[in-house]
Amino acid sequence: MYRIVQATDVGPGVRRFSVEAPHVARHYRAGQFVIVRVDPTGERIPLTVAAADTDTGLIALYVQGIGKTTRRLNMLESGDSLHDVAGPLGKPSEIEHYGTAVVVGGGVGTAIAYPVVKALVDAGNRVISIIGGRSRDFVILESELEATGAEVIVCTDDGSYGRPGFVTDTLADTLAGTPVDIVFAAGPVPMMKAVAAVTKPDGVRTIASLNPIMVDGTGMCGGCRVDVGGKTQFACVDGPEFDAHLVDFDLLARRNQAYHDFEQVRNAELEDPSCRVESSP
Amino acid sequence: MSAPLTKKERMKLDRIDMPERDAVERAGSFEEVNLGLTAKMAQLEAMRCLECKRPKCIDGCPVGIQIDEFIRLVAEGSVAEAAEVIQRDNLLPAICGRVCPQENQCEGTCVLAKKERPIAIGHLERYVADYVRTEGLHQVAEMPRPTGKAIAVIGSGPAGLACAGDLIQSGHAVTVFEALHEPGGVLVYGIPEFRLPKEIVQTEIAGLETLGVVFEMNAVVGRTHTLEELLAEFDAVFIGVGAGLPRFLGVPGENLIGVYSANEFLTRVNLMKAYLNDADTPVLDVTGKRIVVFGGGNTAMDAARTALRMGAADVRILYRRTEAEMPARREEVRHAREEGIAFDFLVSPTQLSGEDGLLRRVSLQRMELGEPDETGRRRPQPIEGATTEVEADLAVVAIGNGPNPLLLSTVPDLERTKWGTIAVDEATGRTSIPGVFAGGDIVTGGATVILAMGAGRRAAASVENWLDTGVWELPPSEEESVESA
Ligand SMILES: Cc1cc2nc3c(=O)[nH]c(=O)nc-3n(C[C@H](O)[C@H](O)[C@H](O)COP(=O)(O)OP(=O)(O)OC[C@H]3O[C@@H](n4cnc5c(N)ncnc54)[C@H](O)[C@@H]3O)c2cc1C
Ligand SMILES: Cc1cc2nc3c(=O)[nH]c(=O)nc-3n(C[C@H](O)[C@H](O)[C@H](O)COP(=O)(O)OP(=O)(O)OC[C@H]3O[C@@H](n4cnc5c(N)ncnc54)[C@H](O)[C@@H]3O)c2cc1C
Ligand code: SF4
Ligand code: SF4
Ligand code: FES
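Quick notes on the rules
Residues numbered from 1 in each chain as written. Chains lettered and ligands numbered in written order. Predicted model: local features only at pLDDT ≥ 70, side-chain atom pairs only at ≥ 80, totals over all residues. Heavy atoms only, no water. Contact = heavy atoms within 4.5 Å. Buried area = accessible area lost by both parts, 1.4 Å probe. Salt bridge = Lys/Arg side-chain N within 4 Å of Asp/Glu carboxyl O. Polar contact = N/O pair within 3.5 Å; in protein donor to acceptor, adjacent residues only side chain to side chain. Near = heavy atom within 4 Å. Areas by Shrake-Rupley, 256 points an atom, 1.4 Å probe, with all protein chains shown as cover. Helix = DSSP H or I, 4+ residues; strand = E, 2+ residues; numbered from the N terminus. Buried < 20%, exposed > 50% of the residue type's maximum accessible area, 1.4 Å probe, protein only. Core = buried A, V, L, I, M, F, W, Y, C linked by side-chain atoms within 4.5 Å. Pairing = 2+ DSSP bridges. Axes fitted to C-alpha atoms, helices over the stretch in contact; angles between N-to-C directions. Domains from an automatic or database assignment.

1. Focus: the interface of chain B and chain A
Part 1: Residue-level contacts link 43 residues of chain B with 46 residues of chain A.
Part 2: Between chain B and chain A, roughly 3800 Å² of surface is buried when both sides are summed, and carbon and sulfur atoms account for 53% of that area.
Part 3: Sorting the residues of chain B by area buried against chain A places B:Arg223, B:Asn255 and B:Asp280 first, and these three jointly supply 21% of that buried surface.
Part 4: Where chain B packs against chain A, one counts three salt bridges.
Part 5: Put simply, B:Asp280 and A:Lys68 hold a salt bridge, and the shortest N to O gap is 2.7 Å.
Part 6: Applying the counting criterion to the chain B and chain A interface returns 21 residue pairs in polar contact (both at pLDDT 80 or more).

Here it is as structure tokens:
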């Protein structure tokens, strides 16, 4: 059992958890994730580790409640526990002194982007962090990002805060104004695809943190496979970060919808547990 | 008891069939297919044994169980004593009795195999193990004095469990590190409930826990802990991480929705319990659908029969050789057939095609058998121009697993074979790193439960030797010493 030391709301449907997982904290590097099970009958879901403290053994997770498992998770409070936390999994981000780096985070993708921003700043890069949300309330981690020393540009789709429009608009403007050595993107698949499209014409190296459906997270099942440059890769062990210009985002988007109907049913059950089907022994 | 039967009388008895759940009923149920022998049946079957002076059956058992002895005890009705005999060589008899490919092992070498009616050694072993388990007669081993030594076992499949079992009984402290949330390896995530009830695996694991083995779950060695750390903390390390990297076909369309590796399909259904209605882990709905499974081993049979139980309308196994070359246990093939699974031999997929990203069709190349390959099986080769197509909503790829690089890639000094498996001294499980032992599928490539278990036990003995002597280098083998002389 992995104790939740602190749980706080950070935006609509988004919660931050500080969880005791000393072994994960000790080995964690930016870009890695954990596989979590909320309870003994729960599914295994991947969540990015946003921060880790070796001294306290705590890791930080940001969770957007979108379906049954993430919403159940977001019902947990300080003092509750997660049944399983395995990791840190995946390859760490390739952090180097690139020069100028732009890190784009959309929605809860900002939580995935945050540790990358921090690591890039620590490696001596000039880092421009572009974060977006549907409206003001959906913008998370702004002050934390600023505290890293990165330049932070916030955009909202509805213009209720920061620059109006999509993160990709701001990205295009940034690329036009300043030479950029590398771009990192984390967020919804359409956003990452759009980022890749913006950076491709000028050949700016672009890394996307992919979010396929996972089961074990150890390379055992192949469920997380993605197509990168015509080659099948297992995102949990070969990734989750890949060259965004080579990723088949349409395939990823389709595969992420594979269990759509099932997920809807489970999600509805969370509202009304009485509609649950009796299990056979 | 009546006078013992003569050899001639014994030869006249018929092999007792294992009672089975009815084929129609079981095709819709995850309950175990084989129902187990009754005491009477077991005794009758045991009485058929000729008590050979040189029991050939033992030659066929990879761990050398004293088969004639335990069978004689069953015939006498001394089941608990029979269990003790088995337990000397096999720590997991309830499992091996169910899943060993007996026809290639003990039953294959039994003298009565020539007459197509070998003693049902597997069924008897299972009977004995189940008897002591359900009667609660499990021997509680006397705990030896603690040695103060600590051993780390990586992976909780049969290799790791066997290694842990032997080492704890020698008084060492043993911690098993397992990447998943449940121990058992393929026994829990791969082999389905209807063939190996999970309760049996859990009983074995609970037994080890009672003896003091510590299980650390969610411990992905190479990530959560490094091998280096374990070596610093423990006196020896055993690696039994299995061969858990699924092979795919390498044909176009393999990433369509509806194409699963057998590992993924079986893990979703078994480990994540998708066969129960209230599990949170989804599996693609196969109700009324057409399923194809590529492969001819136990994994293929398990995937096909699982799909059937999940409600599939039509399940076919597509294998590129013929029935004779199929590596699956014969009993599983028979069961699969009886349940209504179709087999197409000498076909190999060339393309998977779909609509809207969902699998719909499989293009197949017809094959014929050519010259034998290095394994001695005749190699399938395409018949030019002979192609065909089948419709399919789900395809499960069960063509084997390679060594998972997750841990190995973090330990460059650990010597590997050209197949990527860990190179060891076979008799001792010693690797190229002092203090590190390995066994099971990560050494042999995908093999069997009993071989993995045997390797775990050999390594345990070798760990003892290393802890006693502190000598890592093995004495040179005779050939080498002759050469160097
Ligand atoms: C490497 C990685 C890092 C991630 N990091 C974060 C994070 O830091 N914070 C966060 O809120 N989310 C993160 N996610 C996404 C998160 O795992 C999914 O939102 C979650 O699994 C949804 O489960 P659910 O039951 O709540 O929703 P569901 O209703 O079951 O699913 C909603 C959608 O989530 C995706 N999904 C469903 N099951 C899985 C699964 N087992 N694995 C992956 N995706 C799935 C599918 O696209 C699905 O359509 C990450 C995903 C990956 C692959
Ligand atoms: C579907 C299926 C059906 C089969 N049917 C039969 C059968 O009928 N009869 C038979 O004899 N054999 C059968 N086999 C083969 C048999 O199961 C294997 O040969 C045997 O399980 C190998 O044992 P093992 O201990 O080496 O590895 P595994 O059983 O594979 O166990 C390895 C364990 O190590 C864990 N692990 C991996 N990497 C790490 C890491 N880095 N850190 C920590 N833990 C890790 C894994 O999660 C796993 O739990 C079958 C295999 C499959 C897949
Ligand atoms: S362990 Fe396997 S091979 Fe050995 S006697 Fe038992 S069933 Fe036969
Ligand atoms: S070879 Fe067959 S008949 Fe002979 S002892 Fe073994 S099981 Fe009995
Ligand atoms: S999640 Fe199973 S291989 Fe990646």
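This is not the end of the story, as more comes after the structure.
2. Focus on the site of ligand 2
All names here are of chain B.
Part 1: With respect to spatial proximity, 35 residues lie near ligand 2, and among them Val99, Glu178, Arg195, Val221 and Asp441 are the closest.
Part 2: Take Ala159: an N or O atom from its main chain is 2.9 Å from an oxygen atom of ligand 2.
Part 3: Within the backbone of Asp441, an N or O atom sits 2.8 Å from an oxygen atom of ligand 2.
Part 4: When ligand 2 sits alone it has 990 Å² of accessible area, and the protein chains cover 94% of it.
Part 5: Of all the secondary-structure elements, those providing two or more residues to the shell around ligand 2 are α10 (158-168), α15 (298-309), α17 (405-408) and α19 (449-469).

3. Some remarks on the pattern of salt bridges
All names here are of chain A.
Part 1: Applying the stated criterion to the full structure yields 49 salt bridges over all chains.
Part 2: Of the charged contacts in the structure, one is a salt bridge between Arg126 and Glu151, with a shortest N-O distance of 2.8 Å. Note that Arg126 is positioned in strand β9 (residues 126-133) and Glu151 in strand β10 (residues 151-156), a separation of 25 residues in sequence.
Part 3: By relative accessible area, Arg126 is classed as partly exposed at 35%.

4. Side note on the nonpolar core
Part 1: B:Ile67, B:Phe70, B:Ile71, B:Val74, B:Ile95, B:Leu124 and B:Val128 are the most contacted members of the largest nonpolar core, which has 83 residues in total.
Part 2: When sequence neighbours within four positions are dropped, the list of residues in contact with B:Val128 reads B:Phe70, B:Val74, B:Val79, B:Ala82, B:Ala83 and B:Ile86.

5. Some details on the sheet that holds strand β8 (residues 314-319) of chain B
Residue and element names in this part refer to chain B.
Part 1: Pairing in this open sheet of five strands is parallel, and the strands run β6-β13-β7-β8-β9 from one edge to the other. Strand pairing shows two members of the sheet lacking a second neighbour, β6 (259-261) and β9 (342-345), which therefore form its edges. Each neighbouring strand pair of the sheet contributes to a mean axis angle of 20°, computed without reference to strand direction.
Part 2: Relative to strand β13 (residues 394-397), β6 runs parallel, the two being bridged by three bridges. Considered in β13, the bridge of Val259 is made with Ala395.
Part 3: Strands β7 (290-294), β8, β9 and β13 of the sheet are contacted by α15, whose axis makes an angle of about 165° with β8.

6. Side note on the domain arrangement of chain A
Residue and element names in this part refer to chain A.
Part 1: The assigned domain composition of chain A is domain 1 (2-89) and domain 2 (100-256).
Part 2: Taking only C-alpha atoms, the centre of domain 1 and the centre of domain 2 are 21 Å apart.
Part 3: Taken together, the 19 residues of domain 1 in the interface contact 19 residues of domain 2.
Part 4: Summed over both sides, the interface between domain 1 and domain 2 buries roughly 1500 Å², with carbon and sulfur atoms accounting for 69% of that surface.
Part 5: On the domain 1 side of the contact with domain 2, Pro12, Phe33 and Tyr62 bury the most area, a combined 31% of that side's loss.
Part 6: For the interface between domain 1 and domain 2, the tally reads zero salt bridges.
Part 7: Of all elements in the fold, only β1 (2-11), β3 (33-37), β4 (45-53) and β5 (58-64) reach the threshold of two or more residues within the side of domain 1 that touches domain 2.

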